[in-house]
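Spelled out from the first residue to the last, the chains are:
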Amino acid sequence: MSSRSKSTFRCTECGADHPKWAGRCDACGAWNSLAEEMAAKTVPTGGASRRAGGALSLAAGGSVALTPRLRDVDGSHARRWTTGIDEFDFVLGGGIVPGSMVLIGGEPGIGKSTLLLQVAARLQAGGHSTLYASGEESALQIKLRADRLLEDAGDVSLLSETNLETVLTTAASVSPAVLVVDSIQTVFTNDLDGAPGNVGQVRECAARLMRFAKESGTAVFVVGHVTKGGGIAGPKTLEHIVDTVLYFEGENSIDHRVLRATKNRFGSVDEIGVFRMAQDGLVPVANPSELFLGDRSMHASGSAVTALIEGSRPILIEIQALAAKAGFGTPQRVATGYDGRRLALLLAVLDKRAGLSFGLLDVFLNVVGGMRLHEPAGDLAVAVALASSVYDRALSHDAVFVGEVGLGGEIRPVSQAERRLSEAANMGMTTAYLAERAVPARVPKGLRAIGVRTIADLFERVFT
Ligand code: TYD
Ligand code: MG
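(A) Molecular detail of the packing of aromatic side chains. Under the counting rule described, the total for this entry stands at five aromatic pairs. For the pair tyrosine 391 and phenylalanine 463, a centre-to-centre distance of 5.0 Å together with 65 degrees between the ring planes defines the contact as edge-to-face. Of this pair, tyrosine 391 sits in helix α9 (residues 379-391) while phenylalanine 463 is found in helix α11 (residues 455-463), placing the two residues 72 residues apart along the sequence. Tyrosine 391 sits in the partly exposed class, given a relative accessible area of 36%. An angle of 10 degrees between the planes, with centres 5.1 Å apart, marks the rings of phenylalanine 401 and tyrosine 433 as stacked. Residue phenylalanine 401 is found in strand β17 (residues 399-402), and its partner tyrosine 433 is found in strand β20 (residues 431-435); the two are separated by 32 residues along the sequence. Members of the aromatic cluster, connected to one another through ring pairs, are Tyr391, Phe459 and Phe463.

Here is the structure:
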């Protein structure tokens, strides 16, 4: 027989336990329903008396059952709501988890409000009521955006409001399946001094929205603006509060957008979803490789293709390099979508191990399509694109390069070579260059895998 030394209070309506007495049960909202469970310090064996309307629950063996067994936990909330916007559902890990809180970060103008309005419209049409609270735009402005969209957002409930208390009381009375707060920088709580957008306000508002999500089961999406440098005292401090963080990447000037999960309590991180910003909203791109390789010029030097793994998916992207005679002074090194120090390192390796000197050349490197090259697997393509530009010799249009380049000029194997090669084959590539040790036993049909040891070895094969 177990014993406990402290009283707890159980709601006679819903059975929820409370550490302290209160006039109202905060789980079911019933008044005067809390009954003290047990006041005695110890319970004599077999002598537990039932009190307060039978609030004390005894399990079959006579022990007090207060903690649920795992098998008794209701798992129904693990279901997800899908929007039908495939890339969005995919990045979330298969749809929206009720009661979760998701932060969508990105630079102003990248498409956060557009995406969430589309999501709201889809959910509403699918029978999940949606409340869109905007502190940024008036109802009219939101309507003008909605009119452009392919989706019909006509039934989405709107709230043009910056006061968090009003947003929360409205949400509590409407109880939507999904609440959108656009943006966290524009809402404020009366309980704190300070203007909307300051760190204290942002954190407190987010914490309250999180509590609301957990208590009500409403899924909450919050928009957070991030500036170019990744700065602004907002989203970064919010990341550990929320369940899931999605960042919109991309250049405003280019029409495709990459939505990346950098944190996900309900799915895997680093998954990406690719969209194209069209006249009628964001359109999911089912085959990102096609998009990123789409505009390749046929026979220009300095272009090479690599196969990356983004999250769980392989994607082919093009790297462009231009090495041109420098003017006066220190030659320039400009990398877009690629780490500048990594570029400097590769240039040194090319000089030392392949006899390619960049000392008098300006070097520009671009990862096409606004993508960022995070993986060392892209090194080989960067190196060969640079060499291609220096020699002014175009590479075969159907070749893909996968491998990490070491300081000794050696080419190292990378993970998941087979999956990269099959994506390359799917995209019509015919030759893959990779580290000798990484050549898989089974190479996809239509593709020739060529193992190379060093960059000098590779250059000899492709340029002579
Ligand atoms: P928006 O969603 O307002 O960005 P954010 O909320 O991240 O600040 O996106 C604004 C940009 O998207 C704006 O430049 C107009 C463009 N846009 C389109 O190209 N097509 C569309 O259908 C919509 C609604 C917007
Ligand atoms: Mg916006």
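Having put the structure on the table, let's press on.
(B) Region of interest: empty space enclosed by the protein. Applying the stated criterion to the full structure yields two cavities of 30 Å³ or more. Roughly 50 Å³ of internal volume is contained in the second largest cavity. Every residue lining the second largest cavity is listed: Arg80, Leu92, Gly95, Ile96, Val97, Ser100, Val102, Thr244, Asn264 and Phe266. Taken together, the residues of the lining of the second largest cavity sort by class into five nonpolar, four polar and one charged.

(C) Expanded view of the packing of α9 against α11. Contact geometry of α9 with α11 gives a least axis separation of 11 Å together with a crossing angle of 50 degrees. When the axes of α9 and α11 are compared, the pair comes out oblique. By crossing handedness, the relation of α9 to α11 is classed as right-handed. On α11, the residues touching Leu380, Ala383, Val384, Ala387, Ser388 and Tyr391 of α9 are Ile455, Leu458, Phe459, Val462 and Phe463. Considering only residue class, the contact of α9 with α11 consists of 10 nonpolar, one polar and no charged.

(D) Fine view of the layout of surface pockets. Put simply, the second largest pocket is a space of about 510 Å³. Forming the boundary of the second largest pocket are 19 residues, of which Asp26, Ala172, Phe212, Glu215 and Ser216 lie nearest the centre. Mapped onto the lining of the second largest pocket, the elements with two or more residues apiece are α4 (164-174) and α5 (199-216). Split by residue class, the lining of the second largest pocket holds eight nonpolar, five polar and six charged.

(E) Summary view of the pairing of strand β9 (residues 244-249). Within β9, six of the six residues are buried, which leaves it mostly tucked inside the rest of the structure. Summarising the sheet, β9 and strand β10 (residues 256-264) pair through six bridges and their orientation is antiparallel. Across the sheet, residue phenylalanine 248 finds its bridge partner in β10, namely leucine 259.

(F) Highlighting the nonpolar core. Ranked by size, the top nonpolar core spans 65 residues in total, and within it Phe358, Val384, Leu386, Phe401, Ile455, Leu458 and Phe459 carry the most contacts. Sort the elements by how many residues they give to this core and α9 lands first, with eight residues. Composition of this core by domain shows at least three residues from each of domain 2 (79-285) and domain 3 (291-463). Those residues in contact with leucine 458 that lie beyond four places of it in its chain are Leu380, Val384, Phe401, Ile411, Tyr433 and Val452. Of all hydrophobic cores here, the second largest spans 34 residues; its members include Leu116, Val178, Leu246 and Leu259.

(G) Summary view of the site of ligand 1. The full set close to ligand 1 counts 15 residues, and Gly109, Ser113, Thr114, Ala278 and Gly281 are the nearest of them. Arginine 148 is positioned such that a nitrogen or oxygen atom in its side chain is 3.2 Å from a nitrogen atom of ligand 1. Here an oxygen atom of ligand 1 sits 3.0 Å away from a polar atom, N or O, in the main chain of glutamine 279. Isolated, ligand 1 exposes 560 Å² of accessible area, and the fraction of that covered by the protein chains is 77%. Those elements that place two or more of their residues in the shell around ligand 1 are α2 (112-125), α3 (139-148) and β11 (272-278). Of the residues assigned to the shell around ligand 1, the class counts are four nonpolar, six polar and five charged.

Reading the values: rules and limits
- Residues numbered from 1 in each chain as written.
- Chains lettered and ligands numbered in written order.
- Predicted model: local features only at pLDDT ≥ 70, side-chain atom pairs only at ≥ 80, totals over all residues.
- Heavy atoms only, no water.
- Phe/Tyr/Trp six-rings, centres within 6.5 Å; stacked < 30°, edge-to-face > 60°.
- Helix = DSSP H or I, 4+ residues; strand = E, 2+ residues; numbered from the N terminus.
- Buried < 20%, exposed > 50% of the residue type's maximum accessible area, 1.4 Å probe, protein only.
- 1 Å grid on protein atoms, 1.4 Å probe; cavity = no way out; pocket = protein on both sides within 12 Å on 5 of 7 lines; lining within 4 Å.
- Points joined across faces, edges and corners; volume = space filled by probe spheres on them.
- Nonpolar A, V, L, I, M, F, W, Y, C, P; charged D, E, K, R; others polar.
- Axes fitted to C-alpha atoms, helices over the stretch in contact; angles between N-to-C directions.
- Parallel < 35°, antiparallel > 145°, perpendicular 65-115°, else oblique.
- Left-handed = near helix turned anticlockwise from the far one by under 90°.
- Contact = heavy atoms within 4.5 Å.
- Pairing = 2+ DSSP bridges.
- Core = buried A, V, L, I, M, F, W, Y, C linked by side-chain atoms within 4.5 Å.
- Domains from an automatic or database assignment.
- Near = heavy atom within 4 Å.
- Polar contact = N/O pair within 3.5 Å; in protein donor to acceptor, adjacent residues only side chain to side chain.
- Areas by Shrake-Rupley, 256 points an atom, 1.4 Å probe, with all protein chains shown as cover.

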